[in-house]
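Fold and contact review
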Amino acid sequence: MKAVEKRMGLPAIIAAIVERQGEIDVTCYGDAMFPLMREGNISTFSRVNEKELRPGDVCLYASVDGELLIERIVYVEKAMNATQYTFRGDTSRLRRAPVDFTSIIGRLKAIHRDGRIVYVYGWQARLLEAAALQLPLWPNLARFAAKRRYRRREVI
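To keep things clear, this report deals only with the structure shown in the data block. (Residues numbered from 1 in each chain as written. Predicted model: local features only at pLDDT ≥ 70, side-chain atom pairs only at ≥ 80, totals over all residues. Heavy atoms only, no water.)

Structural notes on unusual backbone geometry
Put simply, the test is: Runs of E in the DSSP output that reach at least two residues are strands. Runs of H or I that reach at least four are helices, and both are numbered from the N terminus.
At the junction of F34 and P35, the peptide bond is cis and its omega measures out at 10° in the coordinates. Note that P35 resides in the loop between β1 (23-27) and β2 (42-46). The phi dihedral of D114 is positive, around 55°, even though this residue is not glycine. For D114, the position within the fold is in the loop between β7 (104-113) and β8 (116-119).

In structure tokens form, the structure reads like this:
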């Protein structure tokens, strides 16, 4: 049985599109991945192999509750039969419940912002990845910056 057949609802539809076309563009909502992704950005997610995933990768996945989320892999636990992936948003200190590979739909390839394309393999994205994984206060700083940005936009 394919991994796509195990999912239900919208995640299954999106997974089928990624499986068929190789990638999908998704509009971002919320500030969970600020400053890498901002509300309204269009992000391209591509099909991924299980062997290619590592901590720091930003993925589109179906959570245990069936929600579609875009978050960063912070921990990979390899057991005998399966590998579990733990995700967290860059502005959050809380980790999500671990999911297996069949829940991961795609890995972030690029972000379309302000008329240009930002590839996640550039130095800026790698710097944000290192900060998100290594600095304990990064979620607080990112959340503060996101709230300040949105408050400033509402005033203007």
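The rest of the description comes next.
A closer look at the pairing of β1
Which entries qualify depends on this criterion: The buried label applies to any residue whose accessible area, calculated with a 1.4 Å probe on protein chains only, is under 20% of its type's maximum; exposed applies above 50%, and partly exposed to all values in between. Paired strands are those between which DSSP finds at least two bridges.
Burial along β1 is one-sided: I24 and V26 are buried, while E23, D25 and T27, pointing the other way, are not. Bridge count for β1 against β2 is five bridges, and the pairing is antiparallel. Among the inter-strand pairings, T27 is bridged to a residue of β2, identified as I42.

Remarks on the packing of aromatic side chains
The condition is simple: Paired rings are identified among Phe, Tyr and Trp, the last through its six-membered ring, by centres lying within 6.5 Å, and are further divided according to the angle between planes into stacked (under 30 degrees), edge-to-face (over 60) and tilted (the rest).
In the structure shown here, the tally under the stated rule is one aromatic pair. Considering the side-chain rings of Y61 and F87, the 3.9 Å spacing of their centres and the 15° angle between planes classify their relative orientation as stacked. Of this pair, Y61 sits in strand β3 (residues 58-62) while F87 sits in strand β5 (residues 83-88), placing them 26 residues apart in sequence. Note on Y61: relative accessible area 0%, which makes it buried.

Details of the pattern of salt bridges
For side chains of opposite charge, pairing can occur when their charged atoms come near one another. The line we're drawing: For this document, the term salt bridge refers to a Lys or Arg side-chain nitrogen within 4 Å of an Asp or Glu carboxyl oxygen.
For the coordinates displayed, the defined rule picks out seven salt bridges. Salt-bridge contacts for K109 lead to E23; the nearest nitrogen and oxygen are separated by 2.9 Å. Linking K109 in strand β7 with E23 in strand β1, this pair joins segments that are 86 residues apart in sequence. Exposure remark for K109: the relative accessible area of 31% places this residue in the partly exposed category.

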